[in-house]
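# A structural walkthrough
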Amino acid sequence: MFRSIDDLQEALRGKRYFASRGLATTMFLALELGRPLFLEGDAGVGKTEVAKVLADLLDTELIRLQCYEGLDVHHAVYEWNYTRQMMHIRLLEARGDRATEAELFGPEFLLRRPLLQAIEKRDKPAVLLIDEIDRSDEEFEAFLLEILSDFQITIPEIGTIRAGKPPVVVVTSNRTREVHDALKRRCLYFWIDYPSFDTELQIVLAKVPKAPAQLARQVTAFVQELREAELYKVPGIAETLEWTAALVALDRDALDETVVEETLGVVLKYQDDVEKIRGEAVTTMLGRIRAGV
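Figured I'd write up the structure that's included with this text.

For the rest of this paragraph, the subject is the nonpolar core. Leu 23, Val 50, Phe 222, Trp 243, Leu 255 and Val 260 are the most contacted members of the largest nonpolar core, which totals 52 residues. With sequence-adjacent residues up to four places away left out, Val 260 is seen in contact with Phe 222, Trp 243, Leu 255, Val 282 and Leu 286. With 35 residues, the next largest nonpolar core counts Phe 38, Cys 67, Leu 71 and Ile 130 among its residues.

The following block contains the structure:
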């Protein structure tokens, strides 16, 4: 679909996603080579958004598997619809018939979870987002490795289901734990860092078009300052956008000490971080921003 990296980068900008040249190159190669894309980075830097914008650009379905501790095959791949099976058994009993195993374990009683949905999709490849793989257990990670190798799933009662057109796979990790090298080797890897001031300002202006230019610049600069502070959880791009939208809703066209103090809970999510920034730190940061912006 994309003739070059420049073509892809321009298409991403058209969807208001401002990818660096390095990220655009890795995405382009993942599409060209049919390899999964493994994106790592801090929470809030735009990893999940890559999968969303790819699905939009490719005009296909986004299928998302949100990982968590204890995730197993039943929640990720498939399970049987036991309620429907019981209803079918009772209906047959009422008619004086008996259900066979082949009847009860057929495709119509199968609950398809994200991995099976992505592999079964036939009209055009879906974008499969495996989000926050680092939150899952190592056992599930090993199972996923097998899926990404062959893009097929074996269901004992039905047989092996193979992907006619393998999905475009995006795997994300916040690096709360190290993901096994074997999984990373199956993928093309890219680390997404926090954006520069200019890139983040572009994002803010594109995503919150009602924001006054001065406010957008000051909010972006303030968040960039916060990322240099020793905080428990530094704000991501999502918090920058949320704070800008909140200030627009308050009809503000610039930052001042009062509005920053009143709205710090929008951009910082831990009380210790809020207390650390309040007062003198806010005044100092605003002073540097007013001098430089």
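The next thing to look at is the pairing of strand β1 (residues 37-40). Taking every second residue as pointing to the same face, both faces of β1 are buried, with Leu 37 and Leu 39 on one and Phe 38 and Glu 40 on the other. Both β1 and strand β8 (residues 168-173) contribute to a ladder of four bridges, which runs parallel. The residue of β8 that forms the bridge with Leu 37 is Val 170. With four bridges joining them, β1 and strand β9 (residues 188-191) adopt parallel strand pairing.

If charged atoms from side chains of opposite charge come close, those side chains can pair. For the coordinates displayed, the defined rule picks out 20 salt bridges. In this structure, Arg 278 and Glu 261 form a salt bridge, with 3.7 Å as the shortest nitrogen-oxygen distance. Here Arg 278, found in the loop between α14 (271-277) and α15 (280-292), pairs with Glu 261, found in helix α13 (residues 257-267); they are 17 residues apart in sequence, far enough to count as distant. For Arg 278, the salt bridge goes to Glu 275, with nearest N and O atoms at 3.0 Å. Classification of Arg 278 by relative accessible area gives partly exposed; the value is 36%. A residue is classified by how much of its surface remains accessible, and Glu 275, at 44% relative accessible area, is partly exposed.

Bringing the packing of aromatic side chains into the picture now. Under the definition given, this model contains six aromatic pairs. Arranged with centres 6.3 Å apart and planes meeting at 80 degrees, the rings of Tyr 78 and Trp 80 form a pair that is edge-to-face. Ring plane angle 90 degrees and centroid distance 5.0 Å describe the contact between Trp 80 and Phe 105, whose orientation is recorded as edge-to-face. Here Trp 80 is found in strand β3 (residues 78-80), whereas its partner Phe 105 is found in the loop between α6 (101-104) and β4 (110-112), with 25 residues between them in sequence. Judged by its relative accessible area of 6%, Trp 80 is buried. Overall, Phe 105 belongs to the partly exposed group, its relative accessible area being 23%. Through a chain of ring-to-ring contacts, the aromatic side chains of Tyr 78, Trp 80 and Phe 105 assemble into a single cluster. Between Arg 84 and the ring centre of Phe 109, over which it is positioned, the NZ or CZ distance is 5.4 Å.

Parameters and conventions
- Residues numbered from 1 in each chain as written.
- Predicted model: local features only at pLDDT ≥ 70, side-chain atom pairs only at ≥ 80, totals over all residues.
- Heavy atoms only, no water.
- Core = buried A, V, L, I, M, F, W, Y, C linked by side-chain atoms within 4.5 Å.
- Buried < 20%, exposed > 50% of the residue type's maximum accessible area, 1.4 Å probe, protein only.
- Contact = heavy atoms within 4.5 Å.
- Helix = DSSP H or I, 4+ residues; strand = E, 2+ residues; numbered from the N terminus.
- Pairing = 2+ DSSP bridges.
- Salt bridge = Lys/Arg side-chain N within 4 Å of Asp/Glu carboxyl O.
- Phe/Tyr/Trp six-rings, centres within 6.5 Å; stacked < 30°, edge-to-face > 60°.
- Lys NZ or Arg CZ within 6 Å of the ring centre and 35° of its normal.

These figures come from the coordinates and say nothing about function on their own.
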